[in-house]
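Reading the structure
So the chains spell out like this:
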Amino acid sequence: MPTLDVSDLNIVVSVIGAFTVLYGLVAIKIKAVWYIGEALPAVVIGMILGPIAARFLDPKQWGSAAADQQDVITLGVMRVMIGIQLVIAGYQLPARYLKLQWKPLIVCLIPIMALMWLATSVCVLATIPKLSLLATLVIGACATSTDPILSQAVAKGPFADKYVARPLREIISAEAGANDGFASPFLMLAVNLLRLTENRRETIVDGTQNLVERGRGIGEDTRDVGIALGNWVIETLLYIVLLAIAYGAVAGYCARVGVRFSLSRKWIDSESYLLFPTALGLFIVGTCGAIGTSDLLACFVAGCALNWDGEFLAETERRHDEVNSCIDVLLNFGGFMYLGTAIPWQEFHQPDTTGITYPRLLALGVLVILFRRIPALLVTYKMMPGVVKNWREAVFMGYFGPIGVGAVYYLQHTRLLFPKEYAASSRERELLDALCPVVYFLVLFSILVHGLSIPILSVIYNYRNVRPITEDAVQLQRRSVYMATPVNAFMGDRDTFIAYNRFFRPLVNIASLPLIRPRSHKDNKSVSTDSEEERKQRQLLDIHRLDST
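All values reported here derive from a predicted model rather than from experimental measurement. (Residues numbered from 1 in each chain as written. Predicted model: local features only at pLDDT ≥ 70, side-chain atom pairs only at ≥ 80, totals over all residues. Heavy atoms only, no water.)

1. Here we look at the overall build of the protein chain
Threshold: Think of it this way: any DSSP run of H or I at least four residues long counts as a helix, any run of E at least two long counts as a strand, and we number them from the N terminus. Each residue is assigned to one of three classes by its accessible area relative to the maximum for its type, calculated with a 1.4 Å probe on protein chains only: buried under 20%, partly exposed between the two thresholds, exposed over 50%. Contacts between residues were defined by any pair of non-hydrogen atoms, one from each residue, lying within 4.5 Å. We get accessible surface area from the Shrake-Rupley algorithm with a probe of 1.4 Å; when it comes to residues, only the shown protein chains can shield them.
When you go through the protein chain residue by residue, the secondary structure sums to 22 helices and five strands. The 549 residues of the protein chain split such that 52% are buried. Considering only intrachain contacts with a sequence separation of at least 6, the fraction spanning at least 24 residues in the protein chain is 76%. Total accessible area on the protein chain is roughly 25,400 Å²; 63% of this is exposed by carbon and sulfur atoms.

Right, dumping it as structure tokens:
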């Protein structure tokens, strides 16, 4: 006899499916007209259906409802979500990008990240009482890296197609992919110092007060500092960072060789080829997790190595790849909706323990948005003139450095490095009590602020008549008469669009593109306005006249 089975699995897949269907029906309006990505709506739906509101989705009650299961689930979701998308972000960069742009990347990964770490830590120290300096350095390190998923929306979204120069988009994408793994040295340095400092107790011997180690510690003897730094160099820099780079490079190289071999013999079909980055990401996340090195850094390096000669990306373009963008969307929907359900609202107000209150968290969010990245970019942008041309681009790059799932990943990873609360020292307990609400609030604040900043900026640009970028014209195939005209593009002929400033583009001679024609009734549902279409057509006519002369 039929029975009602309202299980957690049925509820979760129903909610994700319903949200994907409803979002998809108006996706062009949301993404290409209002410039709102997938993250903000998914987080809002997660909050509405989560334990704080409708109580429809509650990760703490899934499965066996074990006490600490949400931490394990969250870490696993973040690892898979970020790992797959970092492989995709790596192979979508131009060929040999890490080699060609190594100087700007070093600037982004060392001085800029160090300044971001210190600035974020100072903001936490200024707003959250009852935290030691080392504890704020740990929290600051968790929020140092720019989120690779939210940054991809800034670098590759419709707004960027229209207004953001390609060199700036590429460095934003590359920095976001690489610095998620490079946040480990800053985090582990602070963790080592705090953990070793706290593993000491005071004793009185012959009337004098001494520090005696429970483990290794930092005291007046400078050799203790050397022990902490030695552990950091060996365990973090060598094993976590350098091993991850080497592992990712070897895995990506072997994958590229294997794909090229199969292509030459026509053994690999389109489905397997286009799913290859996802499969590679899953493999690296699993194996790096098993050996204890940085899976995020290895995934990004593997993606870059996979497309080192540019052939993998070129072949995906020839096969009209829509698979990886669909995987991106599904991961964003599921991951950010889960993030909305996991926000610890009850911990955002604890004045008696950590001193955290809503006004303090709001002040922290504003300070972090203003001082975490923008001053660092203004100080260093002249060191990378090839990708950041002026101070305006430096401010744009500095402002759009969102905090997202990468911070949640490091939050959960940090909690595993310290003992449980009953075995932790008083300062370790203070850190663990403050870590979760501070990082989660910064993530929520960043998603809301950065998610709404692009629509507001678009309104400002339209009001000030800022001209879209009309460089690097490419021909895009129109695979259906129902496809809306992309942003910053117009219809070339029946089967093509002419698009400007695309993140991925082949080298195309503008004279080889199809001749334009007057606007027809088929263009009426274009995302672009009539005046924009007419201006683009006049500009392309001028280019053709110059070429003919």
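There is more to say after this.
2. Description of the pattern of salt bridges
Definition in use: What counts as a salt bridge is simple: a side-chain nitrogen of Lys or Arg found within 4 Å of a carboxyl oxygen of Asp or Glu.
Applying the stated criterion to the full structure yields 13 salt bridges. Between Arg-415 and Asp-71 there is a salt bridge, and its shortest N-O distance comes to 3.4 Å. Here Arg-415, found in helix 20 (residues 405-417), pairs with Asp-71, found in helix 4 (residues 69-91); they are 344 residues apart in sequence, far enough to count as distant. Residue Asp-71 is classed as partly exposed on the basis of its relative accessible area, which comes to 26%. One network of salt bridges, in which partners are shared, links Glu-311, Glu-315, Arg-318 and Arg-319.

3. What to know about the packing of helix 4 against helix 16 (residues 323-342)
Short version of the rule: To obtain an axis, a line is fitted to C-alpha atoms, over the contacting stretch when the element is a helix, and the angle between two such axes runs from 0 to 180 degrees between their N-to-C directions. Angles below 35 degrees are treated as roughly parallel, those above 145 as roughly antiparallel, those between 65 and 115 as roughly perpendicular, and all remaining angles as oblique. By definition, turning the near helix anticlockwise from the far helix through less than a right angle yields a left-handed crossing, and turning it clockwise yields a right-handed one. Residue polarity follows a fixed list, in which Ala, Val, Leu, Ile, Met, Phe, Trp, Tyr, Cys and Pro are nonpolar, Asp, Glu, Lys and Arg are charged, and the others, Gly among them, are polar.
Between helix 4 and helix 16, whose axes approach to 10 Å, the crossing angle comes to 155 degrees. Classified by the angle between their axes, helix 4 and helix 16 sit roughly antiparallel to one another. Crossing handedness for the pair helix 4 and helix 16: left-handed. In this structure, helix 4 contributes Gln-70, Ile-73, Thr-74, Val-77, Met-78, Met-81, Ile-84, Gln-85, Ile-88 and Tyr-91 to the contact, and helix 16 contributes Asn-324, Ile-327, Asp-328, Leu-331, Asn-332, Gly-335, Phe-336, Tyr-338 and Ala-342. When its residues are assigned to classes, the contact of helix 4 with helix 16 shows twelve nonpolar, six polar and one charged.

4. Considering the layout of surface pockets
Just so we agree on the cut-off: Method remark: on a 1 Å grid restricted to protein atoms, a set of points is classed as a cavity if a 1.4 Å probe fits but cannot get out and as a pocket if it is open with protein on both sides within 12 Å along at least five of seven lines; lining residues have an atom within 4 Å of a point. Grid points are joined across faces, edges and corners, and a volume is the space filled by probe spheres set on the points.
Looking at the second largest pocket, its volume works out to about 770 Å³. Lining the second largest pocket are 32 residues; nearest its centre among them are Lys-60, Asp-71, Glu-347, Arg-415 and Cys-436. With five residues, the top contributor of residues to the lining of the second largest pocket is helix 4. Looking at side-chain class alone, the lining of the second largest pocket contains 16 nonpolar, seven polar and nine charged residues.

5. Some remarks on empty space enclosed by the protein
Inspection of the entire model under this criterion finds three cavities of 30 Å³ or more. Quantified by volume, the largest cavity comes out at close to 50 Å³. If you go around the largest cavity, the residues you meet are Val-368, Ile-369, Arg-372, Arg-373, Gly-398, Tyr-399, Gly-401, Ile-403 and His-450. Of all elements in the fold, only helix 17 (358-371) and helix 19 (391-399) reach the threshold of two or more residues within the lining of the largest cavity. Partitioned by chemical class, the residues of the lining of the largest cavity number four nonpolar, three polar and two charged. Of the voids in this model, the second largest cavity is the one considered here, and its volume is about 40 Å³. Taken together, Gly-90, Leu-93, Pro-94, Ala-95, Arg-96, Tyr-97, Leu-98, Cys-304, Asn-307 and Trp-308 make up the lining of the second largest cavity. Class assignment of the residues belonging to the lining of the second largest cavity gives a composition of seven nonpolar, two polar and one charged.

6. A short note on a nonpolar patch on the surface
For clarity, the threshold we go by: Here a patch means residues that are over 30% exposed by relative accessible area and free of salt bridges, tied together within 9 Å if like-charged and within 5 Å if nonpolar (Val, Leu, Ile, Met, Phe, Trp, Tyr).
A surface patch of nonpolar side chains, amounting to about 410 Å² of accessible area, comprises Val-21, Leu-22, Leu-25 and Val-26. Within the secondary structure layout, Leu-22 lies in helix 1 (residues 8-25).

7. Some points on the nonpolar core
To be explicit about the condition: The set of buried Ala, Val, Leu, Ile, Met, Phe, Trp, Tyr and Cys residues whose side-chain atoms join them within 4.5 Å is what this entry labels a nonpolar core.
Core analysis: the largest hydrophobic core is formed by 144 residues, its most contacted members being Ile-139, Ile-171, Phe-336, Phe-396 and Tyr-440. Element by element, the count of residues in this core is highest for helix 21 (residues 426-463), at 16 residues. For Phe-336, the contacting residues outside a window of four places in its chain are Ala-39, Ala-42, Val-43, Met-81, Asp-147, Ile-149, Leu-150, Leu-331, Val-405 and Ile-447.

8. Considerations on the environment of Ile-454
Mapping Ile-454 onto the fold places it in helix 21. Considering only alpha carbons, one finds Ile-454 and Phe-159, 295 residues apart in sequence, at a separation of 7.3 Å.

9. Notes on the pairing of strand 4 (residues 489-493)
The line we're drawing: Between any two strands, at least two bridges found by DSSP are needed for them to pair.
Taken across its five residues, strand 4 has four buried, putting it largely inside the fold. Bridge count between strand 4 and strand 5 (residues 496-499): four bridges; the pairing is antiparallel. Residue pairing across strands places Ala-489 opposite Ala-499, the latter belonging to strand 5. Hairpin geometry of strand 4 and strand 5 is characterised by an intervening segment of two residues between the two adjacent antiparallel strands.

10. Comments concerning the packing of aromatic side chains
Defined as follows: Aromatic pairs are defined between Phe, Tyr and Trp rings, using the six-membered ring for Trp, whenever the two ring centres lie within 6.5 Å; interplanar angles under 30 degrees are classed as stacked, those over 60 as edge-to-face, and all others as tilted. Any Lys NZ or Arg CZ found within 6 Å of a ring centre and within 35 degrees of that ring's normal is scored as a charge over the ring.
Applying the stated criterion across every chain yields a total of 20 aromatic pairs. Note on Tyr-273 and Phe-312: the rings are 4.7 Å apart at their centroids and 25 degrees apart in plane angle, and the pair reads as stacked. Of this pair, Tyr-273 sits in helix 12 (residues 270-274) while Phe-312 sits in helix 15 (residues 311-318), and the two are 39 residues apart along the sequence. Across the pair, Phe-312 and Tyr-273 agree in class, each one buried. Look at Phe-490 and Tyr-500: their rings are 6.5 Å apart centre to centre, the planes differ by 45 degrees, and that puts the pair in the tilted class. Of this pair, Phe-490 sits in strand 4 while Tyr-500 sits in the loop between strand 5 and helix 22 (530-548), placing them ten residues apart in sequence. Note on Phe-490: relative accessible area 0%, which makes it buried. Grouping aromatic residues by their ring pairs yields a cluster made of Trp-345, Phe-348, Tyr-358, Phe-441 and Phe-445. Lying across the ring of Tyr-273, Arg-319 places its NZ or CZ 4.9 Å from the centre.

Bear in mind that shape data such as this cannot, by itself, settle questions of function.
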